[in-house]
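Examination of the molecular architecture
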Amino acid sequence: MRHELIFVGNPGPLTGAGNNTYLLPGLEPTLIDAGTGQDTHLLALAAKLDESNAGLSQKKDLLAKVLVTHCHSDHVSGVPAIAERWPLAVFAKMPWKDRDDQYRVSWKALEDGDLVPAGDSTLQVVHTPGHSPDHLCFFDRESGTLFSGDLVIAGSSVVIPASAGGDLVAYLNSLRLVLSMKPACLLPAHGCSIDEPNTVIQAYLDHRQQREDQVIAALRQGAKTIDDIVSNVYEPLDFGLIRAAQENVLAHLTKLVSEGRAAHDGTVWWMS
Ligand SMILES: [Zn+2]
């Protein structure tokens, strides 16, 4: 399976060096994730399409479809600009009704297990909720390549935005699901490709278990609020990352409550 990495060019505290999008050239030129609509991204995409479609009978700048991993703005807000530039492109994702409606294209709905022609191959849709309820990975079974969106980031961890659709229990199940698929390579939406997926995913599972142990220890030592726990568990954080840490702690607390191990009255949390 051929693929070309096209950078979005949106560096920031939560996007790292910026987002990756991937073009699968061939019979069904397909872009994975839409980026944010920057001119530089659209120009790079147009240039890659021209180059890769040159030898084919189809129109040189044809873009057949855009597969969106999930409805977070760094992955999806480029949809209107791409739709304007490539009006024939089909936009597809798993529905997340409250969020999708803000991007005015007619979305094609994807479901777990769907098989989608992309480039010169066929991708299997894999529902991997947790980071967001609509999160999808796209698997090329033949090469073992998994386009993994925000499931994992090499050398970093993923935010579980618990107050905005994130779910840690679902996320851990998604990691275990992908582990069981034994992909050969992950192509994430941030950071470099991951050539030892099983090692990285297992390290992620271990990291979350350590975090949970730390949250429990903090509660046992008298931490009562999310801010107490953040300052107890995390090293001093840059301002831009505090909100993400609060969300992750809330995700752990919500998991512990769902397991009957912790309780809260809205602001104060304790081990039950
Ligand atoms: Zn995201």
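Residues numbered from 1 in each chain as written. Predicted model: local features only at pLDDT ≥ 70, side-chain atom pairs only at ≥ 80, totals over all residues. Heavy atoms only, no water.

**Remarks on empty space enclosed by the protein**
This model, assessed by the stated rule, comprises one cavity of 30 Å³ or more. Taken as a whole, the largest cavity spans an internal volume of roughly 40 Å³. Around the largest cavity, the lining residues are N20, Y22, I32, D33, T69, F147, S148, G149, L187, P188 and A189. Looking at the lining of the largest cavity, the elements with two or more residues in it are β2 (20-24), β10 (145-149) and β11 (185-188). Considering each element in turn, the lining of the largest cavity owes the most residues, three residues, to β10. Within the lining of the largest cavity, the residues separate by chemical class into six nonpolar, four polar and one charged. (1 Å grid on protein atoms, 1.4 Å probe; cavity = no way out; pocket = protein on both sides within 12 Å on 5 of 7 lines; lining within 4 Å. Points joined across faces, edges and corners; volume = space filled by probe spheres on them. Helix = DSSP H or I, 4+ residues; strand = E, 2+ residues; numbered from the N terminus. Nonpolar A, V, L, I, M, F, W, Y, C, P; charged D, E, K, R; others polar.)

**Quick word on the domain arrangement of the chain**
Domain boundaries in the chain define domain 1 (4-195) and domain 2 (210-271). Relative to domain 2, the C-alpha centre of domain 1 lies at a distance of 31 Å. Contacts between the two partners involve 12 residues from domain 1 and, on the opposite side, 11 residues from domain 2. At the boundary of domain 1 with domain 2, total buried surface from both sides reaches about 840 Å², with 70% on carbon and sulfur atoms. Sorting the residues of domain 1 by area buried against domain 2 places A162, S163 and L168 first, and these three jointly supply 43% of that buried surface. Run the count over domain 1 and domain 2 and you get zero salt bridges. (Domains from an automatic or database assignment. Contact = heavy atoms within 4.5 Å. Buried area = accessible area lost by both parts, 1.4 Å probe. Salt bridge = Lys/Arg side-chain N within 4 Å of Asp/Glu carboxyl O.)

**Details of the sheet that holds strand β9 (residues 136-140)**
The strand order across the open sheet built from five strands is β7-β8-β9-β10-β11, with neighbouring strands paired in mixed fashion. Edge positions in the open sheet fall to β7 (115-118) and β11, since each of these has one partner strand only. Taking each pair of neighbouring strands and ignoring which way they run, the sheet shows an average axis angle of 30 degrees. In terms of strand pairing, strand β8 (residues 121-127) meets β9 through four bridges, oriented antiparallel. Bridging across to β9, V125 finds its partner in F138. Together, β8, β9 and β10 form the strand contacts of helix α5 (residues 168-181), whose direction differs from that of β8 by roughly 145 degrees. (Pairing = 2+ DSSP bridges. Axes fitted to C-alpha atoms, helices over the stretch in contact; angles between N-to-C directions.)

**Quick look at helix α6 (residues 197-220)**
Compared with the 34 Å implied by 1.5 Å per residue over 24 residues, the 35 Å span of α6 between its first and last C-alpha is a close match. Residues of α6 that are buried: P197, I201, Y204, L205, R208, R211, E212, V215, I216, A218 and L219. Those residues of α6 hidden inside the fold are in contact with α5, β11, α7 (226-233), α8 (239-258) and β13 (269-271). (Expected span 1.5 Å × (residues − 1). Buried < 20%, exposed > 50% of the residue type's maximum accessible area, 1.4 Å probe, protein only.)

**Some thoughts on the nonpolar core**
A general feature of soluble globular proteins is that nonpolar side chains tend to end up buried together. Residues L146, L151, V152, Y171, L175, I201 and Y204 are the most contacted members of the largest nonpolar core, which totals 22 residues. Breaking this core down by element, the ones donating at least two residues are β9, α5 and α6. A per-element tally of this core places α5 first, with seven residues. In contact with L175, other than residues within four places in its own chain, are L151, V152, I201, Y204 and L205. Counting residues in hydrophobic clusters, the runner-up holds 21 residues, among them A34, L42, L63 and I82. (Core = buried A, V, L, I, M, F, W, Y, C linked by side-chain atoms within 4.5 Å.)

**A look at the coordination of the zinc ion**
Coordination sphere of the zinc ion, protein contribution only: H70 (NE2), H72 (ND1), H131 (NE2) and D150 (OD), at 2.1 to 2.3 Å. For the zinc ion, the four donor atoms in the first shell make angles of 88 to 176 degrees at the metal, a pattern classed as irregular. (Donors = N, O, S within 2.8 Å, 3.2 Å for Na, K, Ca; no water. Tetrahedral: all angles 85-135°; square planar, octahedral: opposite > 155°, others 65-115°.)

**Quick look at the packing of α7 against α8**
Axis separation between α7 and α8 bottoms out at 9 Å; the angle between their running directions is 105 degrees. One element, α7, and the other, α8, form an angle in the roughly perpendicular class. In contact with I226, D227, I229 and V230 of α7, α8 contributes A245, Q246, V249, L250 and L253. Looking at side-chain class alone, the contact of α7 with α8 contains seven nonpolar, one polar and one charged residues. (Parallel < 35°, antiparallel > 145°, perpendicular 65-115°, else oblique.)

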